[in-house]
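What follows is the residue order along each chain.
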Amino acid sequence: MATVGAGSTCLVMFVAVLLICIPLGNTYEVYDYSDFNEEYSYTDAHLYELRQKRDVKADPVEYVVVAKLTTQELISVDMIKFFMESWGLPVLLENSTRIVGLDVTTVCQQSGDGTWCQCENSYVWAYNNCLIYHSCDKISSGSCDCILGTPSSGQMCIPKSELPVFDFTVKINTNIPVNTVMTFVQSLRFPILFGTVLEITNMDLTTVCGVINGKYYCQCEKQYFWPCDMCLSYGSCDTISNNICGCISGFPSTGPYCQPITEISSSTQCAATTTPVPAENTRTISMKINQAFDSTLTDTSSAMYIKYSSDITSSINSVYQSVLSSSYKAGSAKVIQFRPGSVIADISIITTSNTLDFSAANIQLASVLSNKGYAVSADSFAEIVENGLYDTSNGNIYPGKNMVLTCKPPASSTGGISWSFNDYSLGSSTKYQISTDGKILTVTSTSDQDSGKYACRTTVNSMAYIIFQTITVQPFPNVNVNSSKTLKCDGSPITLQCCAASAYAVQWSLADPAGPLTDPMTGCNTYTASGSIVGNCNITDKILIFNWAVRELNGNLYTSGSVKINLTSKNLYCYNDQFGGGNLDAYATSACDADSIGNVTARCKSNLTDTTKGYWAIENTNCILRALQNLLERAKNLQAVDVPQFMAELQNVTEIFADKITDSTVNTLTTVDLLKIIANVSQSFRVDKSIMTNFLKTVDVIGSKQAQNTWQKLNAGNTTDNASSVLLRSTEDMGSTLTDTSFSIITNSTQLNRTKTSGSFFGTFGTNFSTQIDIPVFNGLTSITTIVFTAFDNVLPVRNTTYNGNQTKINGDVAAIIVNNTVYNLSLTFDVKNTSLGSPQCVFWNFSLLDEIGGWDSTGCEVKPLVNETGKFKCECNHTTSFSILMSPFFVDNLILGFITFICVGISMICLILALIIEIIVWKPLTRNDTAYMRHVSMVNIALSLLIADICFIIGAAIVNKGEPTPVGPCTTATFFMHFFYLALFFWMLFSALLLLYRITLVFSRMSKAVMMVIAFFLGYGAPLLIAVITVASTAGGGGYIQEENACWLNWNKTKAMLAFVIPALTIVAINFLVLLVVVCKMISRGVGNVSEPDEKNAIVVIARCVAILTPLFGLTWAFGIGTMVSSALGIHIVFAILNSLQGFFIFVFGILLDSKIREELVGKLSIKNFSFSQTKTTSLFSSRRNAYNVSNASGAPASSTNNSDTFMNINE
């Protein structure tokens, strides 16, 4: 259909079906123009013609007439169709002719790019037209809908039903095994489109040819047969019936091949019968080799597999062909697989007899294989049949049900029938009920622990005959469903979830009020009660009850329950979506998330910041990942043959759920248990590289930094304190069962090296190559495995027979050395992780220590010094196991030291508060001149800075537990403010020194108070803030701003951030000493008498005294502070604690109490009578007996002095 624009030409072809009544006597000639040529199209060149004769009958005759309509008018195809539809059919043209149907077939139209012709409705262009004129759409199934041009011969679109179709049969000869071809053919989905015109509609396997005893045969497949002449020419190898046969004794290389029965001629008569070829039987023989299984045998490309396979098949072919003669098909032996259980080889053979005596053949075969080095005996052979004990079409076996297994040996079997489970013999009991004839085993009340390999054993052909099947009893559903709870009645939808194992289906329904049952879903099923169901609770509270059901996949109900939801409009003290609402001290439980099994218990507690609302505090959780639980249930009957797949699954689970495992003691402990089971089962065979790689990757996850807190909880638990020891033992056990091939494994935090040597052994190992191992000599060829753990300091606790504390650290890799020989001397060189630790100890992990809990032991190991090497320690030991190095921090964990620190800090803070209070009291009368004003500003800011720094110190000490990592957020904040205010203390001291220098050296120069204030605050707070900000910005990103553990303070080991405090502080101390030196020189040469005002002289004296006393005192304090970083001597730590903690006391004494002006003003303010201080003859380092400075007035009379001035104003010659 098309719409024609003005001025364009439109060609419309249509057909009319005419029914013309023609008497039989008439001689009208009927022309048939509908024949197709080889290009699948029409060839007539007429526009108005008879296109096809549909049917020729005497009365009537049907014709199809083709007509073409060309128009220049704006007439659309729709208009033509409308006209045709409005023309009521049939239309009688004359008495003998009528039009019974009209159809538009083709619409052609000219456009700017040329002419195109489009087919209408069910009409298409034939394939040759699509090629000649080029299709303007896709060619499909030998046709197209549109071409770019008008066929010159007057051809038009034709009905799809009239497209020519040619059938071809293609015969293919291939050299591929019949099973492979059958599998391929069965996987195909027909029809298969090739190109644009070819479809493959079917494919059949007709003929299978092969060789039996050196003779060719060709066997027909279902519904195909050999014709009689082929049966006679080559000889039939089966019965000839109805002139056909199904097998011939030859190979017609040029054909023909087996044919359908419809294509075979019955003219030739054939002989009645021929001798059939003996039927072939494929048997599976198992052979047990008494040696440890090496998992390398599972790799078909390994040298061991190739050698074993070649030796076994050649021996079987030789012996069986010799002993069993023609009953054994020569060269048919083929190794199927090797599996654990010692080494069991499964071999397929082909025989032509069901009754054979294998006893003599197996005796000879055992002798031949023994001569080749294989530990095989005559009773090592058995014919095995896999599956057949339980019909899996009966569905899954669920726990609690009885399981019936049926043994169906051949009729020729001899002897009784015995049963086994996982290779352990079974006798009749309440659990295992065996029928009288031994053929039926009933396992009662099954559980997942009954999963495993069941086998029945008898004797056939003088050889053991075993039928076995691995049976899986489905696990318990482990239902995880929301608990009943109280929710707010606010019209919000309620969402509930019920999860079960994947072998079960879960359904929900609303019980009260009644509601529909949801469709069963495996795994988890979520039910959402809409707001319309919930409603509101304007009048009274509501209760909704939801029922859940867990069903077997066959629809049988396994278990069920209900969830009650209380809806209330009352205020709830504690409330969240997980636990609902509750009152103070109430307990609530909630199901774990969908990935886990178990419950979370919480308690309603009060909120300190908001007394009107409480919060749910989690008290206990026993959530275990469902994936881990499923593996744990399967592991109860784990067999050696299943270890590779099982280990890969465990590694995959730990990788996917790494965060949930490392954050949970239950999940971590379960993973350890699984690794222990795998290690125990693996003792029966040799572990290859792939299994060990997955094992170490799993260990990496649970031994990562993220799991450190989890391991601290496990190591501190009464029942879990041996978990870390179990993990290390399991890893060592796996390392002791590795294959003899040399290989290396490197994971994120572990490196394993497996090698053989007959001399010395030396190497550098670890993911960071941080551990050297040197074994000088071995006696003979030795297999050695080294496993170096970089992150096991997160796992193993620091404990021995006398100590279980947090201060000593594992300060290097943990290196496990496993050898199959005796070692009398070895050395290990460790790169230490934390150079600030000292007191190194060389230790090994003693699994039997502390009643088998395990701990570090130094027996047989000692530290050896390394000359000219820093950051390394060498250990020499006389045995092999897992080694590491323990080191202690330099700070001293002493109770007395802690009391000294906090008592002195308390005294200091009290003194600073008193100093600030006194400054407030005496501020106005003592700040009348600029020097005194700036002196008191400086003193107030010194006291205030130190007070805030001490408060931050107390906060930092409260949020850090010794031996544990520092909390980054709170500790970073406390450290920043401590750093800033301690620096402010020193910079205000610097300002005081500079003020003293300014007033002594520039006596007659005056700087305004405002300018001095700007300088003071810029120097006192601006410079410290700049240093503190730069420090945190440059180190915090890499985690190097604060110490990693024990204290909130600047980091030293990683980034040396502490230098941002030490360097400015010691620099200021040095500058202040220089200022003092200059001031002393100036005062000796000129005297302080040049200062005009007595009050200003007093301020200068007090400033000088503070700088002279506090500068060396603070400098000495931090000199001892540096000493504590490099020494663990108790005396140094005590001196530093006293000096550092009493800085506020020193400021109060030397900056406040010893200022006579402050004392006078304070006495006056407080009106205290007879208040006096015992005066000292000299209270300044500037006093002397004879070198006091004379100050005279203009008249030469002696100046009067104040009654309590004991420093500079008592003037005598």
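Sequence positions are assigned chain by chain, starting from 1 and proceeding in written order. Only residues with pLDDT of 70 or above have their local features reported here, since the model is predicted, and side-chain atom pairs are shown and tallied only from 80 upward, although totals for entire chains, interfaces and linings are computed over all residues. Side-chain numbers come from the whole structure's heavy atoms, not from hydrogens or water.

Novice: For this particular structure, what's the right way to read the overall build of the protein?
Specialist: Along the backbone of the protein there are 24 helices and 59 strands. Here the protein, with 1213 residues, has 47% of them falling under the buried criterion. Across the protein, the fraction of contacts at a sequence separation of at least 24, relative to all contacts at a separation of at least 6, is 66%. Only carbon and sulfur atoms are counted for the fraction: they give 55% of the accessible area of the protein, which is about 59300 Å². In this text, helices come from DSSP runs of H or I with a minimum length of four residues, and strands from runs of E with a minimum of two, each type numbered from the N-terminal end. Categorising residues by exposure relies on relative accessible area from a 1.4 Å probe, with only protein chains included: less than 20% of the type maximum marks a residue as buried, more than 50% marks it as exposed, and the intermediate range marks it as partly exposed. Residue contacts follow a heavy-atom distance rule, with two residues in contact if any of their heavy atoms lie within 4.5 Å. Per-residue accessibility takes into account occlusion by the displayed protein chains alone, with areas from the Shrake-Rupley method and a 1.4 Å probe.

Novice: It is not clear to me how a nonpolar patch on the surface should be interpreted in this structure. Could you clarify?
Specialist: Residues enter patches when they are more than 30% accessible in relative terms and free of salt bridges; like-charged ones are connected within 9 Å and nonpolar ones (Val, Leu, Ile, Met, Phe, Trp, Tyr) within 5 Å. Salt bridges are identified by distance alone: a Lys or Arg side-chain nitrogen within 4 Å of an Asp or Glu carboxyl oxygen. Taken together, the side chains of I910, I913, L914, I917 and I921 present a nonpolar region at the surface, about 400 Å² in accessible area. Looking at the secondary structure, you find L914 in helix α16 (residues 895–926). The class for L914 is partly exposed, based on a relative accessible area of 38%.

Novice: What should I look at first to understand the packing of helix α9 (residues 643–656) against helix α12 (residues 689–702) in this one?
Specialist: The geometry of a pair of packed helices is captured by two quantities: the angle between their axes and the separation between those axes. An axis is simply a line fitted to the C-alpha atoms; with a helix, the fit covers only the stretch in contact. Between two such axes, the angle follows the N-to-C directions and lies from 0 to 180 degrees. In the contact formed by α9 and α12, the axes pass within 9 Å of each other and the chain directions differ by 25°. As judged from the angle between their axes, α9 and α12 are roughly parallel. When the axes of α9 and α12 are compared, the crossing they make is left-handed. Where α9 abuts α12, its residues V643, P644, M647, A648, L650, Q651 and T654 lie against I691, N694, F695, K697, T698 and V701. For the contact of α9 with α12, the class distribution of residues is eight nonpolar, four polar and one charged. Angle categories are assigned with fixed cut-offs, so that under 35 degrees is roughly parallel, over 145 is roughly antiparallel, 65 to 115 is roughly perpendicular, and the rest are oblique. For a crossing to be left-handed, the near helix must be turned anticlockwise from the far one by less than a right angle; the clockwise case is right-handed. Only Asp, Glu, Lys and Arg are considered charged in this grouping, and only Ala, Val, Leu, Ile, Met, Phe, Trp, Tyr, Cys and Pro are considered nonpolar; every other residue, Gly among them, is considered polar.

Novice: Sorry, what's going on with the state of the cysteines here?
Specialist: Covalent bonding between the sulfur atoms of two cysteines is what defines a disulfide. Working definition: a disulfide is two cysteine sulfur atoms within 2.5 Å of each other. Summed over the entire model, instances satisfying the criterion amount to 15 disulfides. Here C237 is linked by a disulfide to C247, with a sulfur-sulfur distance of 1.7 Å. One quick way to see it: the torsion about the S-S bond of C237 and C247 is about -90°, and its sign makes the bridge left-handed. Residue C237 is located in the loop between α4 (228–234) and β16 (244–245), and its partner C247 is located in strand β17 (residues 247–248); the two are separated by 10 residues in the primary sequence. Covalent S-S linkage joins C407 and C456, the inter-sulfur distance amounting to 2.0 Å. The S-S bond linking C407 to C456 shows a torsion near 70°; that makes this disulfide right-handed. Of the two residues, C407 is situated in the loop between β24 (403–406) and β25 (414–421) and C456 in strand β29 (residues 452–460); the sequence distance between them amounts to 49 residues.

Novice: What am I meant to see in the packing of helix α5 (residues 303–324) against helix α6 (residues 359–371) here?
Specialist: Interhelical geometry of α5 versus α6 gives an angle of 145° and a closest axis separation of 9 Å. For the crossing formed where α5 meets α6, the hand is right-handed. Across the interface between the two elements, D311, I312, S315, I316, V319, Y320, V323 and L324 of α5 pack against A360, A361, N362, Q364, L365, V368 and L369 of α6. A class-by-class count of the residues in the contact of α5 with α6 yields 11 nonpolar, three polar and one charged.

Novice: When you look at the sheet that holds strand β33 (residues 494–499) in this model, what are you seeing that I'm missing?
Specialist: Hydrogen bonds between backbone atoms are what pair the strands of a sheet, whose relative direction is either parallel or antiparallel. For two strands to be treated as a pair, DSSP must find at least two bridges joining them. Across the sheet, which stays open at both edges, the three strands sit in the order β31-β33-β36 with antiparallel pairing between neighbours. Here the strands that pair on one side only, and so sit at the sheet edges, are β31 (480–481) and β36 (524–529). Taken together, the six bridges between β33 and β36 define a ladder with antiparallel strand orientation. Paired with C499 across the strands is C524, a residue of β36.

Novice: Just to check I follow, could you spell out the side chain of N482 for this structure?
Specialist: Mapped onto the fold, N482 is located in the loop between β31 and β32 (485–488). Side-chain polar atoms of N482 contact the backbone nitrogen of Q497, separated by 2.5 Å. Beyond its immediate chain neighbours, meaning those up to four positions away, N482 contacts L496, Q497, V563 and A591. We define a polar contact as two N or O atoms separated by no more than 3.5 Å, with the added condition that, inside protein, one atom must be a possible hydrogen donor and the other a possible acceptor, whereas residues neighbouring each other in sequence contribute only through side-chain atom pairs.

Novice: Please clarify how the side chain of R339 should be interpreted in this entry.
Specialist: As for its placement among the helices and strands, R339 is situated in strand β21 (residues 334–340). With residues near it in sequence (within four places) discarded, R339 still touches S286, F293, I344, D346, I384, K453 and V641.

Novice: Got a minute to help me understand the environment of Q186 in this structure?
Specialist: Mapped onto the elements, Q186 comes out in helix α3 (residues 178–187). Judged by its relative accessible area of 57%, Q186 falls in the exposed class. Taking the C-alpha atoms as reference points, Q186 and D204, 18 residues apart in sequence, are found 9.7 Å from one another.

Novice: What's the story with the nonpolar core in this structure? I'm lost.
Specialist: Here is a general trend for soluble globular proteins: nonpolar side chains tend to be buried in one another's company. Within the largest apolar cluster, 84 residues are counted, with the highest numbers of intra-cluster contacts made by I312, Y320, F338 and M692. Once you skip the residues sitting within four places of it in the chain, M692 turns out to touch V687, T731, M734, G735, L738, I745, L752 and I787. Only buried residues count toward a nonpolar core, which is a set of Ala, Val, Leu, Ile, Met, Phe, Trp, Tyr and Cys residues joined through side-chain atoms within 4.5 Å. A984, L990, L1050 and A1057 belong to the second-largest nonpolar core, a separate cluster that totals 60 residues.

Novice: Please clarify how helix α13 (residues 708–716) should be interpreted in this entry.
Specialist: An α-helical turn contains 3.6 residues, so a residue and the one three or four places further along point in the same direction. Of the residues making up α13, those classed as buried are Q708, T710, W711, L714 and N715. All buried residues of α13 fall inside an arc of 155° around its axis, so they share one side. Opposite the packed face of α13, turned more than 90 degrees from it, sit the exposed residues K713 and A716. Where the residues of α13 are buried, they touch α10 (658–662), α11 (665–681), α12 and α14 (723–735). The arc in question is formed by the directions pointing from the helix axis toward the C-beta atoms.

Novice: Help me out: how do you make sense of the pattern of salt bridges in this one?
Specialist: Two side chains carrying opposite charge are able to pair once their charged atoms lie near each other. According to the stated counting rule, one finds 17 salt bridges in the structure shown. One salt bridge connects K329 with E280, and the closest N-O pair in it is separated by 3.7 Å. Residue K329 is found in the loop between α5 and β21, and its partner E280 is found in the loop between β18 (259–260) and β19 (281–289); the two are separated by 49 residues along the sequence. A salt bridge links E383 to R283; the shortest N-O distance between them is 3.1 Å. With E383 in strand β23 (residues 381–386) and R283 in strand β19, this residue pair connects regions lying 100 residues apart in the sequence. One exposure class covers both E383 and R283, and it is buried.

Novice: Just to check I follow, could you spell out the packing of aromatic side chains for this structure?
Specialist: Ring pairs (aromatic) are described by centroid distance and by the angle formed between their planes. Pairing of aromatic side chains here covers Phe, Tyr and the six-membered ring of Trp, requires ring centres within 6.5 Å, and sorts the geometry by plane angle: under 30 degrees stacked, over 60 edge-to-face, intermediate tilted. For the structure shown, the criterion picks out 28 aromatic pairs. Centroid distance Y527 to F546: 5.6 Å. Interplanar angle 65°. Geometry classified as edge-to-face. On the criterion of sequence distance, the pair formed by Y527 in strand β36 and F546 in strand β37 (residues 542–552) is long-range, its members being 19 residues apart. Judged by relative accessible area, which is 0%, F546 ranks as buried. Pairwise contacts between aromatic rings join F976, F977, F980, F981, W988, F991, F1017 and Y1021 into one cluster. Between the NZ or CZ atom of R339 and the centre of the ring of F468, over which it lies, the distance is 5.8 Å. Charge-over-ring contacts are defined here by two conditions on Lys NZ or Arg CZ: a distance within 6 Å of the ring centre and an angle within 35 degrees of the ring normal. The ring centre of F847 lies 4.1 Å from the NZ or CZ of R729, which sits over that ring.

Novice: Just checking my understanding: could you explain the confidence of the model for the protein for this structure?
Specialist: Where the model shows low pLDDT, its predicted coordinates should not be examined in detail. Summary statistics for the protein give a mean pLDDT of 79 and a share of 82% for residues scoring 70 or more. In this model, residues 1168–1213 is a region of pLDDT below 50 whose contacts with residues beyond four sequence positions or in other chains number 45 contacts. As a per-residue quantity, pLDDT reports the predictor's confidence and falls between 0 and 100.

Novice: What should I look at first to understand α9 in this one?
Specialist: The span you would expect from a helix comes to 1.5 Å times its residue count less one. Look at α9: 20 Å from first C-alpha to last across 14 residues, which is about the 20 Å you get at 1.5 Å a residue. Every buried residue belonging to α9 is among V643, F646, M647, L650, Q651, V653 and T654, and all of these are buried. Angular distribution of buried residues about the axis of α9 spans 160°; they occupy a single face of the element. Of the residues in α9, the exposed ones pointing more than 90 degrees away from the buried face are E655 and I656. Looking at the buried residues of α9, the elements they touch are α8 (626–635), α10, α11, β46 (685–686) and α12.

Novice: What am I meant to see in the environment of S295 here?
Specialist: With respect to the helices, strands and loops of the structure, S295 is situated in the loop between β20 (293–294) and α5. Each C-alpha atom, one on S295 and one on D688, is 5.4 Å from the other, the two residues being 393 residues apart in sequence. If near-sequence neighbours (up to four positions away) are discounted, S295 is found in contact with F685, R686, V687, D688, I691 and T739. There is a polar contact of 2.7 Å between the side chain of S295 and the backbone oxygen of R686.

Novice: Would you explain the pairing of strand β30 (residues 463–471) in this entry?
Specialist: In regular strands, side chains alternate between the two faces of the sheet. With eight of its nine residues buried, β30 lies for the most part within the structure. The sheet contact formed by β29 and β30 spans nine bridges and is antiparallel. Bridging from a neighbouring strand, T458 pairs with Y465 of β30. As consecutive antiparallel partners, β29 and β30 are separated by two residues, and within that stretch N461 has a phi angle of approximately 55°, a positive value.

Novice: So what exactly am I meant to see when it comes to the sheet that holds strand β10 (residues 158–159) here?
Specialist: Read from one edge of the open sheet, three strands run β8-β7-β10, paired in antiparallel fashion. Two strands in the sheet have a free side with no partner beyond their single neighbour: β8 (143–144) and β10. As judged from the two bridges shared by strand β7 (residues 123–126) and β10, these two strands associate in the antiparallel manner. Each residue of the ladder has a partner; that of V124, found in β10, is I158.

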